[in-house]
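What the coordinates show
Read off the chains here:
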Amino acid sequence: MERQRHQGMAKNTYMRWRLPLVCLLWELAMIILFGVFVRFGAEADAHWEEEKREMNLTSDMENDFYFRYPSFQDVHVMIFVGFGFLMTFLKRYGFGAVGFNFLLAAFGIQWALLMQGWFHSFKNGKILIGVENLINADFCVGSVCIAFGAILGKTSPIQLLVMTLFQVTLFSVNEYILLNLLHVKDAGGSMTIHTFGAYFGLTVTRVLYRPNLEQSKDKQGSVYHSDLFAMIGTLYLWMYWPSFNSAISDHGDAQHRSAINTYCSLAACVLTTMAFSSMLQKKGKLDMVHIQNATLAGGVAVGTSAEMMLTPYGSLIVGSVSGVVSTVGYVYFTPFLESRLHIQDTCGIHNLHAMPGLIGGIVGAITAAAATEDVYGKEGFVKAFDFTGVYQTRTPSIQGGFQAAGIVVSLLMAFAGGAIVGGILKLPIWGDASAENCFEDGVYWEV
Amino acid sequence: MERQRHQGMAKNTYMRWRLPLVCLLWELAMIILFGVFVRFGAEADAHWEEEKREMNLTSDMENDFYFRYPSFQDVHVMIFVGFGFLMTFLKRYGFGAVGFNFLLAAFGIQWALLMQGWFHSFKNGKILIGVENLINADFCVGSVCIAFGAILGKTSPIQLLVMTLFQVTLFSVNEYILLNLLHVKDAGGSMTIHTFGAYFGLTVTRVLYRPNLEQSKDKQGSVYHSDLFAMIGTLYLWMYWPSFNSAISDHGDAQHRSAINTYCSLAACVLTTMAFSSMLQKKGKLDMVHIQNATLAGGVAVGTSAEMMLTPYGSLIVGSVSGVVSTVGYVYFTPFLESRLHIQDTCGIHNLHAMPGLIGGIVGAITAAAATEDVYGKEGFVKAFDFTGVYQTRTPSIQGGFQAAGIVVSLLMAFAGGAIVGGILKLPIWGDASAENCFEDGVYWEV
Amino acid sequence: MERQRHQGMAKNTYMRWRLPLVCLLWELAMIILFGVFVRFGAEADAHWEEEKREMNLTSDMENDFYFRYPSFQDVHVMIFVGFGFLMTFLKRYGFGAVGFNFLLAAFGIQWALLMQGWFHSFKNGKILIGVENLINADFCVGSVCIAFGAILGKTSPIQLLVMTLFQVTLFSVNEYILLNLLHVKDAGGSMTIHTFGAYFGLTVTRVLYRPNLEQSKDKQGSVYHSDLFAMIGTLYLWMYWPSFNSAISDHGDAQHRSAINTYCSLAACVLTTMAFSSMLQKKGKLDMVHIQNATLAGGVAVGTSAEMMLTPYGSLIVGSVSGVVSTVGYVYFTPFLESRLHIQDTCGIHNLHAMPGLIGGIVGAITAAAATEDVYGKEGFVKAFDFTGVYQTRTPSIQGGFQAAGIVVSLLMAFAGGAIVGGILKLPIWGDASAENCFEDGVYWEV
């Protein structure tokens, strides 16, 4: 801050009136919109005693709450502790990592409940919510947390809130196109969350390119304890990823299968990450950056196919490959992206989310195209891909084609959306810091 | 320690015989009392195979264990990691924060199983326990953890154990009066846990007032990494609060609804906290103290009403207001309480638990008073407020009145109990440190 | 590293080709073996729609996933965050503690799925897996994490992988002997996990005895923040232990009871640990080593008996005793083991797992021998000990005898296996560091 003033090139990072205004007005808008639109779904409403009888349920246990709440809590931890702490690796940006992630996610889930609600839970003029909506809101915000990773340390909290507003909106549109119009399966969000979120964030950071960022190079590193804090984030993401990929799958075998596939993929990913981390380093030592990030690529890469009959060995293959791709990305692609394409990707989301997300979409398309009634059973086949109603005549190979189309749509939405939102964030009114003050908590926090 | 000796004003903080004696005798008492009184409830007893048939259950799934165990574990994390780490913000008192919280909670849950058991689970001379008792014991201890926040750094472990003994006892009496005599609803404990716990702790710290505490002022601050450790506590409390408020609600819609209301309230609370944290600071920067604490006020403030038909937008309003009140409290009330009322409140529990707890009680009373059969459904109305048996004739407005009475009773119990227990803790035999050695782990820990 | 070179006594710790080779070849082997053998069990397979009808289930809720997944996730956290962070107490070995634990566990669970699968889930040439297999794989790896504690800081990652390969194999054989041949009950693994894992690890570290280890004495201590990181591990192990001991118990009352017994035992253990930690210290101060470790002994010591009718007061007694034994162990036995028996036990697993594991096995044998139809009910008695088929005629006292035999078998397997594996690890090809470079992350990590 002082250095800013001395050099006379200071940007105005004073938040006192701007940040409160944005927070309060937006929260007021949420209250009004919730008041007009949001009500409890049948399973959370006190009328349920009567509903239950009509739905012919034998026990309160069949309330969706008990099928999904434990997974919801795991997902919740991933969004707030997982992403929050994963980003604390920077030596002087721990408050910003955890705190801004907290802020944008807390706003984002409210806005996502509305946006996704209008698209998917709208009945008679009301959005009816239950535990599945909470999970989907967390998912949607997950894509914002991913994009945050690319611009970590370089933006003001207001910019993050603005980005969240737009990204949640675009996410919901993209999700609607994929799930409802293309009738694509994507339970763990390889396409909707990771591919979209990562390429959106990479486009934003490209638009916000800062030529003089090396001025804060000394702050872009980690220190011993900041790397341990980051491992808290890594491990919670890694451990709970089976819950993430299975959280909104169909009850029963689909949830069960998603968890197993993800567990297998992640386990394999750790070994190939360690292997390549050591191999790509002249001294043969392991690099915490890889362990913190690339070990998670296996979760991303089975996001679409985990609920399908990918099989445990299929999952091991996907996890192994994604660990390699991600680690190689950290060593070779990230520097390339910065020097040649001017994409400054603080956390390396290109390696953790973008490439593994694409792998996930492709694996999903292939797995869907390869589905047979023999493997799934007659009923299981129809249920797994929801080949009912107008989709009764869809064949696996057509489904595979639509899955592939889903990847393309997500990419286009991400590039177009990221370019527009990046442009908006470039306006000089949001209070971002100058290059030399990036990655420094002191700008927005009392330290 | 050495400074103590030099100045000749040392207090005797030697724990070698006193602490072991208290711990061992009390544990022995627990063993004897458990031996006489505590047995497994029907659903945890090996006779359950026969019971199950009598209860006409279609599946083992209908064992209460599966309705409540995931929530129990979340609550358990809140008590031990949530409260424990939230208090690690002090730069030199991390061991005391986590370690003493661990000690008092581990003792407290045993004593609470007995006290609450005598009041609520006593049949034929035995206390029959199941997972709901474990949750309630954790809840009860939660109120002690809250009170601990007010005296953090200023008391010996023996004082904390003595306080726990008495506070658990008083908590159970107060809870019995509210739930059984007044027939009040308070699933998330705005009154029984937060209002009672906080005003009890504030009264105790008032009685234990230390005029020379500024001698250890340099230790009352945080350092960078201690603030990150504290954020672990904050986030686990924040994320799992929906489980806390829904853990003992009725099966089905009530648990479902409690989680949704709490989720909404907490999300809103983060935005207003950030807004006021920035606004009330000349430099407009965010203060970690507020982010660590005031963001949680939304969970406290819907504690009573979460299981009612508060509605999502109602929750947003409650959360928004409580974030503002709590942040304003940290900036203006805490200094005032210390300088004028001689209430030294280390963690600011007045802002996080006392005021939001009162808000929670009031919101609960209003929500109950406003209940209609239209909103709840005929059956849901009776079930939600348990208007059965002698309470068949209770109207919502009468229920609202009793809810309000519950707040008053909790306050009176807290003030009276806190004064007495504070007096007991003032006896010079418990081994507390002198003012200059407060907030310093070296007094009771090998460092 | 540089010091090594200077002194001319350097060991070759260069990992560049060795570690990648081991990781990649082994992962390849996993893929092939999974491809040949591992398939989804009925409840995770898409054919389940048809299966469900045959099994006469009324709801998807009766899928084993919903009975066990929340417990699985808790166990998963214990293995990766619990053990990982518990071992971060060393001031300069945090990366190794968390990172190598991550590596060996990720490999171990894959190999365990196969080994345990061949013994327990093999049907028509295929291993059919579901959530219970995931839990058992985590359990098996838990025993490796325990053994890792003994050799923490003194081995290369390749040694750890080699140890994991062999230990998982031996674990599975031992487990098969106990559970299938001796028909022993050991739901929480006092014998199979703790006794076996700890004595295995102690034997390995004895074989790997390093006479000059005092050269790295300055690194064997903790610093303030490393002790707080370790408390994260402690608390997650402590809080989730009820899930650990109940995770694979029979549905219904057995799971319910296991959780209650473990909760009680752990609570009591904290008090006696604190008491003895203070008492055995001249200055009467508490020692973080004890708090971090001995407080967990209560969970180990009810591992076998938790699902039996141990009763809550029985659990308090077991927990109290094990806290005392464990703390006394840290003060007196650990130095003795090192100086007299040349057993260098970095984390003190002898006190946390070996002795409490033995207690657990003995308590289990006694509890089984004392079982009566009166206490368990006619049906509950048969169900609790699975006295069906060829075991119909087993009496409780015979069962007690077999339980005791299980302890002996576990010990013999541990000593024999540990000696052989220790011998293998002594080969000079695995890249371990010289004594002066032990407990130092810089050897294998970019710092």
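Residues numbered from 1 in each chain as written. Chains lettered and ligands numbered in written order. Predicted model: local features only at pLDDT ≥ 70, side-chain atom pairs only at ≥ 80, totals over all residues. Heavy atoms only, no water.

This paragraph deals with the nonpolar core. Core analysis: the largest hydrophobic core is formed by 446 residues, its most contacted members being A:Tyr236, B:Ile232, B:Tyr236, C:Ile232 and C:Tyr236. Here B:Ile232 is in contact with A:Phe85, A:Phe229, A:Ile232, B:Val81, B:Phe85 and C:Ile232, once residues within four sequence places are set aside. (Core = buried A, V, L, I, M, F, W, Y, C linked by side-chain atoms within 4.5 Å. Buried < 20%, exposed > 50% of the residue type's maximum accessible area, 1.4 Å probe, protein only. Contact = heavy atoms within 4.5 Å.)

This part takes up the environment of C:Leu280. Residue placement: C:Leu280 occurs in the loop between helix H10 (253-279) and helix H11 (288-293). In sequence terms C:Leu280 and C:Thr327 are 47 residues apart; their C-alpha atoms lie 8.8 Å from each other. Ignoring anything within four residues of it in the chain, the contact list for C:Leu280 reads B:Arg16, C:Thr327, C:Val328, C:Val331 and C:Tyr332. (Helix = DSSP H or I, 4+ residues; strand = E, 2+ residues; numbered from the N terminus.)

Moving on, we come to the sheet that holds strand E1 (residues 38-40) of chain C. Strand pairing in a sheet takes place through backbone hydrogen bonds and is either antiparallel or parallel in direction. All names here are of chain C. Taken together, three strands build an open sheet; the order of strands is E1-E3-E2 and the sheet is mixed. On the outer flanks of this sheet lie E1 and strand E2 (122-123), each paired with one strand and no other. Across two bridges, E2 lies against strand E3 (residues 126-129) in antiparallel orientation. Bridged to Phe122 within E3 is Ile127. Its contacts with the sheet put helix H2 (residues 18-37) on E1, E2 and E3, and the angle it makes with E1 is roughly 55 degrees. With respect to the sheet, helix H5 (residues 94-120) is in contact with E1, E2 and E3, its orientation differing from that of E3 by roughly 105 degrees. (Pairing = 2+ DSSP bridges. Axes fitted to C-alpha atoms, helices over the stretch in contact; angles between N-to-C directions.)

Looking now at the pattern of salt bridges. Summed over all chains, the structure comprises 36 salt bridges over all chains. Put simply, A:Lys383 and A:Asp253 hold a salt bridge, and the shortest N to O gap is 3.9 Å. Of the two residues, A:Lys383 sits in helix H16 (residues 378-385) while A:Asp253 sits in helix H10 (residues 253-279), which places them 130 residues apart along the sequence. Residue A:Lys383 is classed as partly exposed on the basis of its relative accessible area of 26%. The salt bridge involving B:Glu49 is made with B:Lys52; its shortest N-O contact spans 3.5 Å. Linking B:Glu49 with B:Lys52, this pair stays in helix H3 (residues 48-54), spanning three residues, or about one helical turn. By the burial criterion, B:Glu49 is buried, and B:Lys52 matches it. Sharing partners across several salt bridges, the network here consists of A:Glu49, A:Lys52, A:Asp60, B:Asp253, B:Arg257 and B:Lys383. (Salt bridge = Lys/Arg side-chain N within 4 Å of Asp/Glu carboxyl O.)

This brings us to the interface of chain B and chain C. By a widely used convention, the size of an interface equals the accessible area lost when the partners come together. Counting from both sides, the interface comprises 77 residues of chain B and, opposite them, 70 residues of chain C. When chain B packs against chain C, close to 6,400 Å² is buried across both sides, 72% of that on carbon and sulfur atoms. Run the count over chain B and chain C and you get three salt bridges. One salt bridge in this structure joins C:Glu379 and B:Arg53, with 2.5 Å as the shortest N-O distance. Between chain B and chain C we count 31 residue pairs in polar contact (both at pLDDT 80 or more) in total. For the side of chain B that touches chain C, the element with the most residues is helix H5 (residues 94-120) of chain B, which contributes 12 residues. (Buried area = accessible area lost by both parts, 1.4 Å probe. Polar contact = N/O pair within 3.5 Å; in protein donor to acceptor, adjacent residues only side chain to side chain.)

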